[in-house]
Structure formats: structure tokens, C-alpha cells
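Tertiary structure, described
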Amino acid sequence: MSTLYVSHSSALDYETPLGHPERADRIRVIERALERSHFSALIREQAITATPEQAALAHPAEYIQALANACQGTGTVAHDDDVAFYPGTLASALFSAGAAIQATHEVMSGAVTNSFAAMRPPGHHAEHACAKGFCYLNNAAIAARYAQKAFGAERIAILDWDVHHGNGTQDICWHDPSIMYCSTHVLALYPHTGDITETGETGNIVNAPLPEGDDGGFFRLAMEEKILPAIQNFAPDLIIISAGFDAHWSDPLGTLNLTEADFAWATAQVMELAARQCNSRIVSVLEGGYDLQSLSRSVAVHVDTLMGA
Ligand SMILES: [Zn+2]
């Protein structure tokens, strides 16, 4: 069992306005938590940037060019109110996608058992051709398509336990039967998608909305009775976790009451399934999580569990 941690300083250079919840300190506290001697067995790599061609695995080339133009202030791109464009935005988004690709490459090549990419901006709200909710490029979807293109993987499952629905991943995978997207989230929160009736063109989308205030009971039930069996039936060659930690009780943007123990439990459940299904191959990419203390503690138990410690 070996676990890779991928990051890059671009996650720290990428600025959002003062007071914005999606900020560089999120990565700083994660790095501090994983510097402890307890994590000395982690394999650490610096991310390399994704190329525009790699980003185009999940987005039209015209959208990526429009992003580049918008970041230079010379054009517009479809987006919602929760994104802003700065000169370094696209470069950071490409590094974020690059980290997900690298985390995938090392797992698919057999160099490591599993991996965690701690980067920002996050990705799961970025749709096929629309930047949304702090997200510009869909890191998880790009990673899934990379595993298929570079390693011939046939089926990829993406499991998203961020408190917000991954509308972007759902949008990109809706017509793609080779990728299963499963999500637990709160429907009343942004982006208000992810109803149980949204199942994708071939039943490859599995949404399990949770009641606000859930202390982990409904989350574990949804995982045990709906999501994990669906992934098992799908028989994926790789499981990608869209690992948001804003379902934690102390998160300022979330309305669930999960604890670190729930994230450790969920990680272990996915590992058990991956061991039976896909030679233990798991790639985890950071999504949300906005309370610095609970984010760092939740990531620590997540990575600790991935390491089999
Ligand atoms: Zn979120």
C-alpha cells in the first residue's frame, strides 16, 4: 500500500478577494497537517500543469480559449456569479487539473496504490462549457477521461461527497455511459441540482440528496444502500473521489453535521470496494471545505485512511 500526495505552489499563488471562503489558506492548513511525522510515508510530488489539450478531454477547446481570453480581460465566457477571472486564474486551474491527471497517472501505472491531489481551484461545479461555483475546469472528469485515453480504462466511477451537488461533473458525464457519477449532497444548497430523478442518459448518474442537519446516519445509509452497490454493479477500473469536506458540522457553507469519523468511514468503505473491484485504484481530488480547522483534520483522517495506517 502506497499513497501519493500531489500539490503545487500555484494553489497558494491563486488569489481570491479578501473574505472569500475559497482561499489559499485552505491548502496551507492541509500542507501543515500532512507535514507531521505521522505522514512521513506519504510519497510527495509537485504537480505539472495540464495542457489545454488535456483540459479539452472534458471541455470544448473553444471554452478553454474563452477562459484564457476572460482571464486577460479581453472576452467573456459563460459563468455564474460565483466565479471571477484574474490573469492567473486559468494557469492555476490548469495546474489543478494537472495534479488530478498526475494523481491518476501514478495510480493507473501502478506506481502507487492510491493518491490525493490537494489543489485549488476546485472542479466539480465546472460544466462542459460553463464556469460555476469557484470552479473553472472539472478536475475529476478530466482525470477520468485521462485514465481512459492514456491507460485504456473502460469504466470510471466518480464518487462526490462534497455537501454541494457536482452539477458540472453530472453535466459532463450525462451522455457518457463509460463514467458513473454518484453524489451525496443537500438539494437546498447551491447549485440546487442533484434530484434523485436526475439519472443520466443511461442510468449512469446516481444522486442521493441528504436531509439538512444529517449527523451521518443518512449519509452512511445512502452510501451503503445506494451508492456503493451502484458502483459495484458498474465494475469500474478506477474510483475517483471528489473529496469535499464541507459536509462537516463546522463548515460555514454546509448544512450537514458530518464528522471526521464519517469521512474516515466513507474512505474505508471505498477502499474495501476498490480492493475487490479495481486493484485498490483510488484517486481523490480536493473539492470544497471552508472551515480551516475541520478541513485540515478531515483531510488528515482521509489521507491517513488511504495510507492504510
Ligand atoms: Zn462544496
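Residues numbered from 1 in each chain as written. Predicted model: local features only at pLDDT ≥ 70, side-chain atom pairs only at ≥ 80, totals over all residues. Heavy atoms only, no water.

An unreviewed UniProt entry lists the protein chain under the name Histone deacetylase family protein, from Hohaiivirga grylli.

1. Remarks on the overall build of the protein chain
In terms of helices and strands, the protein chain carries 10 helices and 8 strands. Whereas a compact globule of 309 residues would reach a radius of gyration of roughly 19 Å, the protein chain reaches 17 Å, a difference of no more than 12%. Scored against the burial criterion, the 309 residues of the protein chain give a buried share of 61%. Within the protein chain, counting contacts between residues at least 6 apart in sequence, those at least 24 apart form 77% of the total. Looking at the protein chain as shown, the accessible area adds up to about 11,300 Å², and 53% of this sits on carbon and sulfur atoms. (Helix = DSSP H or I, 4+ residues; strand = E, 2+ residues; numbered from the N terminus. Rg over C-alpha atoms; globule rule 2.2 N^0.38 Å. Buried < 20%, exposed > 50% of the residue type's maximum accessible area, 1.4 Å probe, protein only. Contact = heavy atoms within 4.5 Å. Areas by Shrake-Rupley, 256 points an atom, 1.4 Å probe, with all protein chains shown as cover.)

2. A word on unusual backbone geometry
The omega torsion of the bond from R120 to P121 falls at 0°, within 30 degrees of zero and hence cis. Residue placement: P121 occurs in the loop between β3 (114-117) and α6 (139-151). Residue P191 is reached from Y190 by a cis peptide bond, and omega for that bond is 0°. One non-glycine residue, S280, adopts positive backbone phi at about 70°. By the secondary structure assignment, S280 is in the loop between α9 (260-277) and β8 (282-286).

3. Examining the sheet that holds strand β5 (residues 179-185)
Spatially, the 8 strands line up as an open sheet ordered β2-β1-β3-β8-β7-β4-β5-β6, and their pairing is parallel. Sheet topology places β2 (43-46) and β6 (205-209) at the edges, where each strand pairs with a single neighbour. Going from strand to strand, the sheet's axes swing by 15° on average, the running direction of each strand aside. Of the strand pairs in this sheet, β3 and β8 are connected by 4 bridges, and their pairing is parallel. The residue bridging N114 from the neighbouring strand is I282, located in β8. Each of β3, β4 (156-160), β7 (238-243) and β8 is contacted by α9, which is oriented at about 165° to β7, the strand it contacts most. (Pairing = 2+ DSSP bridges. Axes fitted to C-alpha atoms, helices over the stretch in contact; angles between N-to-C directions.)

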